[in-house]
Amino acid sequence: MKPKILVVEDDANLVELIRYNLEQEDFAVVSTEDGEEALVLADEEKPDLVLLDWMIVNLSGIEVCRRMRREPATANLPIIMLTARTEEADRIRGLEIGADDYITKPFSPRELVARIRAVLRRLRPALAGGNLEYAGIFMDTTAHKVTRDGQSVALGPTEFRLLRHFLEHPGRVFSREQLLDSVWGRDVYVEQRTVDVHIRRLRKAINLDGLPDVIRTVRSAGYSLDTDGRREAVA
């Protein structure tokens, strides 16, 4: 699965340049020039990283970044700010709001790709190779094998896909609807409560010998994979 980049930029020529270079490096690209639409796309498309221009339509990049950090579904989404602002105070403001990196215009496509890969390696190491690992859970995506603390874990196909999705986005909260879209696909009709059934199966499979439950239920929001250890009933 190609890492997906959401490009939020109002310069059409620059968007095409970015799109061409990212697709050449095996990234998938979604783009918009509108800050409000960017928030919608971040929720619907579930990108792996956002390239966010400072000056865009309707909402500033700073405000988009601020709102993304407030929402559980996008709180941990990697964000790189793109801007012509070069003052130190602006860079600091962008980083303090929640951006993970800051690239000033003009920039070279090679530098942009390198910075994206660096952020993904640091914040989303699951995208760097064919193996995924988190909290003692190890998944070999090629051999379709899973272990936890060295013990083999038997999973059905749906639980495997569900766990893979969580391992690719540790700490991020997904609603039932988002999990249905990502794991089952948008063209397949499945009841939302089906997600709860497979979550229970996944929990039973990976919680070997009383190991801590790393799948967190977030009230009125959904599920996430993290080591917080809290369990709450979903309203």
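Below, the structure is looked at part by part.

**Describing the sheet that holds strand S3 (residues 49-53)**
As summarised here, the arrangement of the five strands in space is S2-S1-S3-S4-S5, forming an open sheet in which the pairing is parallel. Whereas interior strands pair on both sides, the edge strands pair on one side only; in this sheet they are strand S2 (28-32) and strand S5 (101-104). Ignoring which end each strand starts from, the neighbouring axes of this sheet average 20° apart. One ladder, built from four bridges, connects strand S1 (residues 4-8) with S3; its direction is parallel. Across the sheet, isoleucine 5 pairs through a bridge with leucine 49, a residue of S3.

**As for the side chain of arginine 19**
Among the secondary structure elements, arginine 19 is positioned in helix H1 (residues 12-24). A polar side-chain atom of arginine 19 sits 2.8 Å from a polar atom in the side chain of serine 31. Beyond its immediate stretch of four places on either side in the chain, arginine 19 contacts Val29 and Ser31.

Analysis parameters
- Residues numbered from 1 in each chain as written.
- Predicted model: local features only at pLDDT ≥ 70, side-chain atom pairs only at ≥ 80, totals over all residues.
- Heavy atoms only, no water.
- Pairing = 2+ DSSP bridges.
- Helix = DSSP H or I, 4+ residues; strand = E, 2+ residues; numbered from the N terminus.
- Axes fitted to C-alpha atoms, helices over the stretch in contact; angles between N-to-C directions.
- Polar contact = N/O pair within 3.5 Å; in protein donor to acceptor, adjacent residues only side chain to side chain.
- Contact = heavy atoms within 4.5 Å.

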